[in-house]
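So you can see what is in the structure, the chains are spelled out below.
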Amino acid sequence: MATETLKSDTGAGGTSVIRRVLLDNGALSALVVLVVAMSLLSGDFLTTQNLLNVGVQAAVTAILAFGVTFVIVSAGIDLSVGSVAALSATVLAWSATSAGVPVVLAVVLAIVTGIACGFVNGALISYGKLPPFIATLAMLSIARGLSLVISQGSPIAFPDSVSRLGDTLGGWLPVPVLVMIAMGLVTALILGRTFIGRSMYAIGGNEEAARLSGLRVKRQKIVIYALSGLFAAVAGIVLASRLVSAQPQAAQGYELDAIAAVVIGGASLAGGVGKASGTLIGALILAVLRNGLNLLSVSAFWQQVVIGVVIALAVLLDTLRRKAGSGAASSAGTAPGAPGSGRRGALKFAGAALAVALVVGAVSYFNSGSSGSTKKIGMSLSTLNNPFFVQMKEGAQAEAEKAGIDLTVTDAQNDASQQANQLQNFTSSGVSSIIVNPVDSDAVGPGVRSANKADIPVIAADRGVNKADTATLVASDNVAGGKLAADALADKLGGKGSIVILQGTAGTSASRERGAGFAEGLKAYPDIKVVAKQPADFDRTKGLDVMTNLIQSHPGVTGVFAENDEMALGAAKALGSKAGKSVSVVGFDGTPDGLKAVEAGTLYASVAQQPAELGKIAVRNAVKAAKDEKVASTVKVPVKVVTRENVADFS
Amino acid sequence: MTAPEEQPTTAPDELLRIEGLRKTFPGVVALDNVDFDLRRGEVHVLLGENGAGKSTLIKMLSGAYRPDHGRILAEGREVRIDGAQDAERLGIATIYQEFNLVPDLTVAENIYLGRQPRRYGLVDHRRMRQDAAELLRRVGVDVRPDAKVRELGIARLQMVEIAKALSLDARVLIMDEPTAVLTSEEVDKLFAIVRQLREDGVGIVFITHHLEEIAALGDRVTVLRDGRSIDQVPASTPEDELVQLMVGRSIEQQYPRERPDTGDALLSVRGLTRDGVFHDISFDVHAGEVVGLAGLVGAGRTEVARAVFGADPYDAGTVDVRGERLARHDVPAAMSAGIGLVPEDRKGQGLVLDASVQENLGLVTLRSATRSGLVDLKGQRTAAARIAKQLGVRMSGIGQHVRTLSGGNQQKVVIGKWLLADTRVLILDEPTRGIDVGAKVEIYQLINELTASGHAVLMISSDLPEVLGMSDRVLVMAQGRIAGELPAEEATQDAVMALAVSTPTPPHAHPAPKNEEEGPRGH
């Protein structure tokens, strides 16, 4: 297309070159619009440090997306890259630590793992004749499961020598950015110059024509998916080295970010079209958005809305550009695809660009906190998908308002690397202190260390931070809470019976600690048997489903311990009229819904933490720490068993 | 085919009139100052080379495009056709070359798609089936209303499209090359239906590249050239005059075959069999020779060609190229032995439509142009430019997407990619289908050049005059077997057709192969 555009464009000169490049690449113009909008809206955006941050934050998505580009250009899809990335990182960490394999060999093993997953995808598609969507969906689940099996659900520390991949060169140039650029160049080389790359376009454009032109399409597809697996492995290693730990739950949902990046970059899901440069731009758009919205203190909930709108607008922009560019070229038999981008096309284009800017601007205007003159505190929560953390957030906001402080709350969506990004953004925008509720205590270490380096005090909330300095830890004791829950349930059951345990999301510290505390407490009651122990991911619906299944196999259960109230409520729902009568359910957290159920009798007890109190105390300590006042190294927020008798004191 | 009856000279009433129509696309004037009219109960043929503007014209009548200038009058009133709904309201129905049918719905559902008869808000299946059966009976096609469209052959699909048009109560029926993919028997059937419709007072706009059909079916002919309506002549105008009007020059000879001396056998096929599809196929093709493979659609010609090329597997038999045995079902092996296939479905199997001329030309040579993983792009570009020039591909540059080329130029690209690969035996499957007269002759010239330089050509074609005009030998297939072989001098239309409809007896007492009246063509 490029050559034709050159021909049809009559106006020469410097400005028209820029105009042409932008008109020719919708994604690039969207990126430019975004960068300009962000620079105007936030003074912290256009600094070298922040731009490097954006690069680091784009790296993992970009590397995954490069691999996915191969697949999409050949008219396939790969949903497994996020899981494969996590599996490769887990294999590396496990073999280097637990299995004692030399680090170099461990890296090779990790890469081979990625390639093997891609190979299986390709074989299922080529020879098993599975649709790519199905084959890679299966691999998404298999790879995730294997990484949990290998790691037994817990993060594994990453070998130090490999973790340098997450560091900086010369103290300022981040290695992930270098890896991203290198992989991007490799992608461009593969797509543009190699046999397999050129074959991808032919296979994606018309598979049958490619086959009848002598391309061994089946074998090529295996290579294509193996390449995608290889890139996923590299992305997984970069991700884990940033966090200095391999997380079995890492990179969840990243496949969708990667696909979005590829499509924003101008590739067609129908195949035959796509470029490495476009994919890089797509990944940068996503990273600039997340970074900018952090800097602008846009509410965590609105961020997701804005990201969705911008993805739609960016692709729309590209579609409009194409329409404006090619006219109705396919119409008349001889009409050459001469794009004579009319004035109307350009207008529409400008309109769409304006819309992007307006959306970002409006949302940040309505959401941004008060003026910059007051003290700024950043708070990164592990998730806002759970009432406990929402209460923590509300407590913190109430306290901040009272103290006249500008508090920015971000939601890491249970993703350790997103949390690392948020801490990085807080650090570079110069907040006076940071409150972090870690997704994972090990993985949050590097982010906190760089805040330490910038002399910004960090307050850990609810969960601790390993291998980095925190001014204070504000937490309720999960292990003690687990013990209390065991005592309460055992008392109610009279020291004997068979019980079921609903576990939280595998690999989270809350699940591990509460589970450990409960097991510890249960040791005192040898007549209580745990007949089943199944994960329900802290989720009410899953709690309902899992409990429904367990009732089938264990009808004689008399007690249930759920590692949070949400799952307990799901279990109570599954038990129906039995809940509170023949089966006692004990939850954890003391959320409003949980307390209501305790009052109604469907839950026997909940171990109440006081999340709002926790949030308040965290902010109070953050303010003190920012003023260099002394703070206690740990602040314990009381934990209590709530039953029907004392529920009135808590609600 | 019967000769046209004496046409009524009076024009009772006019259904449609187009005056001074103009349509431009960026950089191209597709139509300029086009006049056309259609009367009740006539077949008005639109004639023109590919790219002359026929498709653009009918797309404006069906509401796909809007004219820039000019008027469209329906029964004397000026109308605007802004979309398919407008066309439907005016009683204009269009049957495109690519059918608009949903493969997994039934015939009845397709006919009434979007307008299913309803009772209490639910689709009234019984009434829909009954109405559809009535329409199908009127069209004279033996298809159950609840058959899945996927199961039907091309000829029947076309009848379903006609039934659909009738259900819309169409007064104007536009048919875009309806005979391009039909066998001559099916063409006769179609003509009978068209004549019936004409008697019922429907006005029919008929597009065809087969000149002999004009005299057989048409009343008047409007010739388009380079986007202009050149002339309007009666359908009885001699073919050579029509050709001259169409191309603006006279074509000396339609089939300029020059027969060089033949050499050794380049391709030898022995006892090739694929159970239920073709049986015991044996033949040779020599250097310098054009062997025609004739037969009805569904006789197994395309299937044999694909098996020889390695695109499909076979159960028994051998394929040798220059004395070397070819591996079964292995396209790259066939390719490196020097066989090339120009498939019948140019767009679906021959080309990557959204890739450039250069990329398409370089597809076959991609591997040989690769050194240690890297493709020699510069060499590819030079080679592509050279071959495109040699074949006279009309394009704005080798970067142009092949989707925007005309059919003839697309076909040159498909052939060109094999020439670049130094192919010795070229299998051409329907090489000139849907290609205009001028481009056809260019392709015939190309075949001459190939055989003159010692290449061998196996040509499958449903266009009988083409087979007779270009082949040095004609093999006729019927029901999956070779029914006979005719040297060029003995090959006449009658002789070929007699073999094509025969029932060849297997040498051994095999059960007769399945007789699929309208077998699937290729894939």
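Residues numbered from 1 in each chain as written. Chains lettered and ligands numbered in written order. Predicted model: local features only at pLDDT ≥ 70, side-chain atom pairs only at ≥ 80, totals over all residues.

K.L.:
Can you explain the overall build of chain A? Please cite residues and give values.
P.N.:
Looking only at helices and strands, chain A has 25 helices and 16 strands in total. Evaluated residue by residue, chain A yields a buried proportion of 60% over its 651 residues. (Helix = DSSP H or I, 4+ residues; strand = E, 2+ residues; numbered from the N terminus. Buried ≥ 20, exposed ≤ 12 C-beta atoms within 10 Å, placed from the backbone.)

K.L.:
Give a description of the overall build of chain B that names residues and reports values.
P.N.:
A tally of regular secondary structure across chain B gives 17 helices and 24 strands. By the compact-globule yardstick of 24 Å for 523 residues, chain B fits well, its C-alpha radius of gyration being 24 Å. A principal-axis box enclosing the C-alpha atoms of chain B has dimensions of 70 × 55 × 50 Å. For chain B, with 523 residues in total, the buried portion stands at 49%. By sequence separation, contacts in chain B at least 24 residues apart represent 68% of the contacts at least 6 residues apart. (Rg over C-alpha atoms; globule rule 2.2 N^0.38 Å. Contact = placed C-beta atoms within 7 Å.)

K.L.:
Let's hear about the packing of helix α14 (residues 276-295) of chain A against helix α18 (residues 416-428) of chain A: which residues, and what values?
P.N.:
All names here are of chain A. Two elements in contact, α14 and α18, have axes whose closest approach is 9 Å; the angle formed by their N-to-C orientations is 50°. Between α14 and α18, the angle falls in the class oblique. Viewed along their axes, α14 and α18 form a crossing whose handedness is right-handed. Contacts from Arg290, Asn291, Asn294 and Leu295 in α14 reach Asn421, Gln422 and Asn425 in α18. Split by residue class, the contact of α14 with α18 holds one nonpolar, five polar and one charged. (Axes fitted to C-alpha atoms, helices over the stretch in contact; angles between N-to-C directions. Parallel < 35°, antiparallel > 145°, perpendicular 65-115°, else oblique. Left-handed = near helix turned anticlockwise from the far one by under 90°. Nonpolar A, V, L, I, M, F, W, Y, C, P; charged D, E, K, R; others polar.)

K.L.:
With reference to specific residues and values, describe the sheet that holds strand β22 (residues 456-460) of chain B.
P.N.:
Residues and elements named next belong to chain B. With mixed pairing, six strands are arranged side by side in an open sheet as β18-β21-β22-β15-β23-β24. This sheet does not close on itself; its edge strands, each paired only once, are β18 (339-342) and β24 (481-487). When strand polarity is set aside, the average angle formed by the axes of neighbouring strands in this sheet is 20°. On top of the sheet, helix α9 (residues 301-309) reaches β15 (290-295), β18, β21 (425-429), β22 and β23 (473-478); it is set at about 150° to β21, its chief contact. (Pairing = 2+ DSSP bridges.)

K.L.:
How would you explain the nonpolar core if you had to name every residue and give the values?
P.N.:
Burial of nonpolar side chains together is a common tendency in soluble globular proteins. Judged by nonpolar contacts, the single largest core of 257 residues is most densely connected at Ile63(A), Leu64(A), Ala85(A), Ala89(A), Leu92(A), Ile285(A) and Ile427(B). Considering every element that reaches this core, the biggest residue donor is helix α12 (residues 217-243) of chain A, with 18 residues. Leave out the neighbours within four places in its chain, and Leu64(A) touches Val81(A), Ala85(A), Phe231(A), Ala232(A), Ala235(A), Tyr254(A) and Ala258(A). One finds Leu47(B), Ala165(B), Val172(B) and Met246(B) within the second-largest nonpolar core, a separate group that totals 69 residues. (Core = buried A, V, L, I, M, F, W, Y, C linked by C-beta atoms within 7 Å.)

K.L.:
So what's going on with the packing of helix α4 (residues 48-73) of chain A against helix α13 (residues 254-264) of chain A? Residues and values would help.
P.N.:
Residues and elements named next belong to chain A. Between α4 and α13, the shortest axis-to-axis distance is 8 Å and the interhelical angle comes to 65°. The angle between the axes of α4 and α13 places the two elements in the roughly perpendicular class. Regarding α4 and α13, the two cross each other, and that crossing is right-handed. Side by side, α4 and α13 meet where Thr61, Ala62, Leu64, Ala65, Val68, Thr69 and Ile72 of the first sit next to Tyr254, Asp257, Ala258, Ile259, Ala261 and Val262 of the second. Taken together, the residues of the contact of α4 with α13 break down into 10 nonpolar, two polar and one charged.

K.L.:
Describe the confidence of the model for chain B, listing the residues and the values that go with them.
P.N.:
For chain B, per-residue confidence averages 85 on the pLDDT scale, and 92% of positions sit at 70 or higher. Across the whole predicted complex the pTM is 0.75, and at the interface the ipTM reaches 0.71. (pLDDT = per-residue confidence, 0-100.)

K.L.:
Lay out the sheet that holds strand β7 (residues 433-436) of chain A with the relevant residues and their values.
P.N.:
Residue and element names in this part refer to chain A. Here six strands make up an open sheet; going across it, the order is β6-β5-β7-β8-β9-β15 and the pairing parallel. Here the strands that pair on one side only, and so sit at the sheet edges, are β6 (406-411) and β15 (634-636). Averaged over all pairs of adjacent strands, the angle between strand axes in this sheet comes to 20°, irrespective of strand direction. Where strand β8 (residues 458-461) lies against strand β9 (residues 472-475), three bridges are found, and the strand directions are parallel. Residue Ala460 lies in a different strand from β9, and its bridge partner there is Leu473.

K.L.:
Tell me about unusual backbone geometry, and please be specific about residues and values.
P.N.:
With a phi angle near 65°, Asp455(A) is a residue other than glycine that sits in the positive phi range. For Asp455(A), the position within the fold is in the loop between α19 (445-453) and β8. Residue Asp169(B) is not a glycine yet carries a positive backbone phi of 60°. Note that Asp169(B) resides in the loop between α5 (154-167) and β9 (172-176).

K.L.:
Can you lay out the environment of Gly140(B) for me, pointing to particular residues and giving the numbers?
P.N.:
All names here are of chain B. With respect to the helices and strands, Gly140 occurs in the loop between α4 (125-139) and α5. Assessed through the 13 C-beta atoms surrounding it within 10 Å, Gly140 is described here as partly exposed. In this structure the C-alpha to C-alpha distance between Gly140 and Thr24, which are 116 residues apart in sequence, comes to 41 Å.

K.L.:
Residue-level account of the pairing of strand β5 (residues 376-381) of chain A, with values.
P.N.:
Residues and elements named next belong to chain A. Taken across its six residues, β5 has six buried, putting it largely inside the fold. Of the two faces of β5, both are covered, the one formed by Lys376, Gly378 and Ser380 as well as the one formed by Ile377, Met379 and Leu381. As judged from the six bridges shared by β5 and β6, these two strands associate in the parallel manner. Opposite Leu381, over in β6, you have Asp411 as the bridge partner.

K.L.:
Quick one: what's the story with the environment of Glu489(B), residue by residue and with numbers?
P.N.:
Turning to its location among the elements, Glu489(B) is positioned in the loop between β24 and α17 (493-500). A sequence separation of 17 residues divides Glu489(B) from Asp472(B), and the C-alpha atoms of the two residues are 8.5 Å apart.

K.L.:
Give me the lowdown on helix α24 (residues 592-600) of chain A, citing residues and values where you can.
P.N.:
All names here are of chain A. Listed as buried for α24 are Gly594, Leu595, Ala597 and Val598. Buried residues along α24 cover an arc of 160° about the axis, so they all sit on one side. Where the residues of α24 are buried, they touch α23 (565-575), β13 (584-589), β14 (605-608) and β16 (640-642). A positive backbone phi angle near 95° is found at Gly601, which sits one or two residues after α24. (Arc of directions from axis to C-beta.)

K.L.:
Report on the domain arrangement of chain B, specifying residues and quantitative values.
P.N.:
One frequent convention defines the size of an interface as the accessible area lost when the parts assemble. Residue and element names in this part refer to chain B. Split into domains, chain B comes out as domain 1 (14-247), domain 2 (251-338 + 424-503) and domain 3 (348-423). For domain 1 versus domain 2, the distance between C-alpha centres works out to 34 Å. Between domain 1 and domain 2, the contact holds nine residues from the first and 10 residues from the second. Grouping the amino acids of the side of domain 1 that touches domain 2 by side-chain chemistry returns four nonpolar, three polar and two charged. (Domains from an automatic or database assignment.)

K.L.:
Give me the lowdown on helix α14 (residues 407-420) of chain B, citing residues and values where you can.
P.N.:
Residues and elements named next belong to chain B. Its 14 residues give α14 an end-to-end C-alpha distance of 20 Å, which sits within 8% of 20 Å, the value for a rise of 1.5 Å per residue. Judged by how many residues are buried, α14 sits mostly within the fold: 14 of 14 residues are covered. A positive phi of about 55° marks Asp422, the residue just after α14. (Expected span 1.5 Å × (residues − 1).)

K.L.:
How would you sum up the domain arrangement of chain A? Please name residues and give values.
P.N.:
Residue and element names in this part refer to chain A. By the assigned domains, chain A splits into domain 1 (60-274), domain 2 (376-475 + 612-636) and domain 3 (478-608). Of the residues forming the side of domain 1 that touches domain 2, the biggest block, three residues, is contributed by α12. When grouped by side-chain class, the residues that make up the side of domain 1 that touches domain 2 number seven nonpolar, four polar and one charged.

K.L.:
Run through the confidence of the model for chain A, naming residues and quoting values.
P.N.:
Residues and elements named next belong to chain A. With 89% of its residues at a pLDDT of at least 70, chain A reaches an overall mean of 85. Of all the helices and strands in chain A, helix α1 (residues 2-8) carries the lowest mean pLDDT, 37, while helix α6 (residues 103-126) carries the highest, 96. Between residues 1-12, whose pLDDT stays under 50, and residues either more than four places distant or in other chains, the model counts 19 contacts. Note that residues 326-342 has pLDDT below 50 and, in this model, 58 contacts with residues that lie over four places away or in other chains.

K.L.:
So what's going on with the environment of Tyr604(A)? Residues and values would help.
P.N.:
Residue and element names in this part refer to chain A. Residue position: Tyr604 is located in the loop between α24 and β14. C-alpha of Tyr604 to C-alpha of Gln419: the two residues are 185 residues apart in sequence and 36 Å apart in space. What Tyr604 contacts, discounting residues up to four positions off in sequence, is Lys492, Gly580, Ser584, Val585, Val586 and Thr643.

K.L.:
Please provide a residue-by-residue account of the pairing of strand β4 (residues 69-74) of chain B, values included.
P.N.:
All names here are of chain B. Judged from the five bridges that link them, strand β1 (residues 14-25) and β4 form a sheet pairing that is antiparallel. The residue bridging Ile18 from the neighbouring strand is Ile72, located in β4. Where β4 and strand β5 (residues 77-79) come together, three bridges link them in antiparallel fashion. Residue pairing for β5: Ile72 is matched across the bridge by Val79. Taking the residues that link successive antiparallel strands as the turn, the β4-β5 hairpin has two residues, and the phi of Glu75 there is positive, at about 50°.

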